[in-house]
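# Results of the structural survey
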Amino acid sequence: MAELKVSAIKEGTVIDHIPAGKGLKVIQILGLGELKNGGAVLLAMNVPSKKLGRKDIVKVEGKFLSEEEVNKIALVAPTATVNIIREYKVVEKFKVEIPDVIEGILKCGNPNCITHYEYVTPKFYVISKEPLKVRCHYCERTMEEEEILANL
Ligand code: CTP
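Note that this is a predicted model, so its numbers are computed, not measured.

### A look at the UniProt feature "binding site: Zn(2+)" in the chain
In this structure's numbering, the residues bearing the UniProt feature "binding site: Zn(2+)" are C108, C113, C136 and C139. Maximum C-alpha separation among the annotated residues is 8.9 Å over a sequence range of 32 residues, consistent with a single clustered spot. With respect to the helices and strands, the residue C136 is situated in strand β8 (residues 132-136). Setting aside residues up to four positions removed in sequence, C136 forms contacts with C108, C113, K123, F124 and R141. Take C139: it is sitting in the loop between β8 and β9 (142-144).

See the structure below:
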């Protein structure tokens, strides 16, 4: 019961089945490091998992995720499960899913792309989910996982 190494939370969100090593990135893209008045954030790294061998877990007390935040997590941690906790109970559980079209959450890696100069919402088409590859709607630049993670 590796889960017992990290305390249960009362109200909030547990992001489970994160690929080992990606937990910090999940905390970063959710901006949890900058929360001054937020609740507790718990990170477990390299926990044994039946499905993944090793996994990371992020628990955020008092926070519930927006659709945009769930989509960001999907790009970083496509295997993740989101658990919504109320009064210590899991009241909802779902797997994240990489969307076919990504709008607003990713910046284009091409410095000359119009999205850096005009007020247009960046938009990308997902060409491949595994390995992750997207194409910019505006400049047609393609980006792979490493560049995508750097531009979230
Ligand atoms: N959890 C928590 N606080 C709670 C309830 C659950 O931190 N009050 C965490 C558990 O530690 C686990 C996750 O939320 O990491 C999901 O809980 P649960 O569905 O009970 O666990 P499993 O059945 O092992 O989940 P799965 O089937 O998704 O692997």
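### A word on the environment of I114
Along the chain, the position of I114 falls in the loop between β6 (101-103) and β7 (123-129). Separated by 24 residues in sequence, I114 and Y138 have C-alpha atoms that sit 7.0 Å apart. Filtering out sequence-adjacent residues up to four positions away, I114 remains in contact with V120 and Y138.

### As for the site of the ligand
As a matter of local geometry, the ligand sits amid 12 residues, with I9, H17, K59, Y88 and K93 nearest to it. Within the backbone of I9, a nitrogen or oxygen atom sits 2.8 Å from a nitrogen atom of the ligand. Separating an oxygen atom of the ligand from a side-chain N or O atom of K93 is a distance of 2.7 Å. Here the ligand, which alone exposes 600 Å², has 68% of that area covered by the protein. Of all the secondary-structure elements, those providing two or more residues to the shell around the ligand are β1 (12-19), β4 (81-86) and β5 (89-95). Of the residues forming the shell around the ligand, the biggest block, three residues, is contributed by β1. Its residues assigned to classes, the shell around the ligand comprises six nonpolar, two polar and four charged.

Reading the values: the criteria
- Residues numbered from 1 in each chain as written.
- Predicted model: local features only at pLDDT ≥ 70, side-chain atom pairs only at ≥ 80, totals over all residues.
- Heavy atoms only, no water.
- UniProt positions renumbered as here; feature names shortened; annotations may be inferred.
- Helix = DSSP H or I, 4+ residues; strand = E, 2+ residues; numbered from the N terminus.
- Contact = heavy atoms within 4.5 Å.
- Near = heavy atom within 4 Å.
- Polar contact = N/O pair within 3.5 Å; in protein donor to acceptor, adjacent residues only side chain to side chain.
- Areas by Shrake-Rupley, 256 points an atom, 1.4 Å probe, with all protein chains shown as cover.
- Nonpolar A, V, L, I, M, F, W, Y, C, P; charged D, E, K, R; others polar.

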